[in-house]
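# Summary of structural features
For reference, the chains in residue letters:
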Amino acid sequence: MKRIIGIGLVVSAAILAVAPFASGHATVSLLQPQGRALTAARVAYVVRAPNEKAKQDTIMLTMYVPEAAQTSISVKQTPDWTVVLKRRDTGQVDAEGNPRFAIERVTWIAKKGMRIQPGFYGEWSFRMQNPATPQRMCFPMDQWYSKKTADGKPELVKWSGAADSATPASCVDVVSS
């Protein structure tokens, strides 16, 4: 009996240790510098989206930008994907008098022949200045697949749920040094 309980505890501990690394959903994480996301730091992030469907390709991904980052984000151009920014005028101007925009969402659309096939993942990067105060920033994402649904639209997975859901949003904790 003690042996069975001991084995159960070891197996449970192993599952808990692996669980954070087992997720395969669309994520946002630090690219540079490595380590923690520090307040007010200007850093590069990477978006990674694996194709989790066995018989269809990922054709598009939309990332919703948290309000705290909307005026400081810049997105790297990607030759294999069309990048569409949903922007709004903030009513402010920069040092040169140009209008200042907030980027509310970024959509990457696969160009012909560049879809993410089963077993592969896509990767895109962006830079932004982290907020000056510690906080959790979540980046909900929509991932579209090539298979059409009954209404003729591409299949959609919304990565926007809570951390313990089947479709969690990717979150970054911004901390003070």
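Residues numbered from 1 in each chain as written. Predicted model: local features only at pLDDT ≥ 70, side-chain atom pairs only at ≥ 80, totals over all residues. Heavy atoms only, no water.

### A short note on the overall build of the chain
The secondary structure content of the chain amounts to 1 helix and 12 strands. Secondary structure elements of the chain, listed N to C terminal, follow the sequence α-β-β-β-β-β-β-β-β-β-β-β-β. Residue pairs at least 24 apart in sequence account for 68% of intrachain contacts in the chain once pairs closer than 6 positions are excluded. A total of about 10900 Å² of accessible surface is found on the chain, and carbon and sulfur atoms cover 56% of it. (Helix = DSSP H or I, 4+ residues; strand = E, 2+ residues; numbered from the N terminus. Contact = heavy atoms within 4.5 Å. Areas by Shrake-Rupley, 256 points an atom, 1.4 Å probe, with all protein chains shown as cover.)

### Points about the pattern of salt bridges
Counted by the stated rule, this structure contains 6 salt bridges. Linking Lys53 and Glu155 is a salt bridge whose minimum nitrogen-to-oxygen distance equals 2.6 Å. In this pair, Lys53 is assigned in the loop between strand 3 (42–50) and strand 4 (58–64) and Glu155 in strand 11 (residues 154–159), connecting sequence segments 102 residues apart. Here Asp142 makes a salt bridge to Lys158, at a shortest N to O gap of 3.1 Å. Of this pair, Asp142 sits in strand 10 (residues 141–148) while Lys158 sits in strand 11, and the two are 16 residues apart along the sequence. (Salt bridge = Lys/Arg side-chain N within 4 Å of Asp/Glu carboxyl O.)

### Re the environment of Lys55
If you trace the backbone, Lys55 turns up in the loop between strand 3 and strand 4. Considered as a pair, Lys55 and Gln117 are 62 residues apart in the sequence and their alpha carbons are 8.4 Å apart.

### Remarks on the confidence of the model for the chain
Of the residues in the chain, 84% have a pLDDT of 70 or more, and the chain-wide mean is 85. No element of the chain has a lower mean pLDDT than helix 1 (residues 2–22), which averages 36, and none a higher one than strand 4, which averages 98. Every residue in residues 1–23 scores below 50 in pLDDT, and together they form 0 contacts with partners more than four places removed in sequence or on other chains. (pLDDT = per-residue confidence, 0-100.)

### A closer look at the packing of aromatic side chains
Overall, the coordinates contain 4 aromatic pairs when judged by the stated rule. Look at Tyr45 and Phe126: their rings are 5.5 Å apart centre to centre, the planes differ by 15°, and that puts the pair in the stacked class. With Tyr45 in strand 3 and Phe126 in strand 8 (residues 121–129), this residue pair connects regions lying 81 residues apart in the sequence. For the residue pair Tyr45 and Phe126, the accessibility class agrees, reading buried in each case. The class of Phe126 is buried, set by a relative accessible area of 2%. Feature note: the residues Tyr45, Phe126 and Phe139 constitute an aromatic cluster, connected by ring pairs. Geometry around Tyr145 places Lys53 over its ring, the cationic atom sitting 5.4 Å from the centre. Of note, Arg87 hangs over the ring of Phe101, and the distance from its end group to the ring centre comes to 4.2 Å. (Phe/Tyr/Trp six-rings, centres within 6.5 Å; stacked < 30°, edge-to-face > 60°. Buried < 20%, exposed > 50% of the residue type's maximum accessible area, 1.4 Å probe, protein only. Lys NZ or Arg CZ within 6 Å of the ring centre and 35° of its normal.)

### What to know about the sheet that holds strand 10
An order of 6-7-4-10-11 is seen for the 5 strands of this open sheet, with the pairing classed as antiparallel. With one partner strand each, in any of the chains shown, strand 6 (81–93) and strand 11 form the two edges of the open sheet. Between one strand axis and the next, the sheet turns through 20° on average, direction left out of account. (Pairing = 2+ DSSP bridges. Axes fitted to C-alpha atoms, helices over the stretch in contact; angles between N-to-C directions.)

### Quick notes on the environment of Met141
Structurally, Met141 can be placed in strand 10. Under the relative-accessibility criterion, Met141 is labelled buried at 1%. Separated by 27 residues in the primary sequence, Met141 and Pro168 place their C-alpha atoms 9.3 Å from one another. If we skip the residues at most four places from it in the chain, Met141 touches Ala26, Thr27, Val28, Val47, Leu61, Thr62, Met63, Tyr64, Val157, Lys158, Trp159 and Ser170.

### Some thoughts on the nonpolar core
Val28, Tyr45, Val47, Met63, Phe126, Phe139 and Met141 are the most contacted members of the largest nonpolar core, which totals 30 residues. Residues within four places of Val28 in sequence aside, it is in contact with Tyr45, Val46, Val47, Met63, Phe126, Phe139, Met141, Ser170 and Val172. (Core = buried A, V, L, I, M, F, W, Y, C linked by side-chain atoms within 4.5 Å.)

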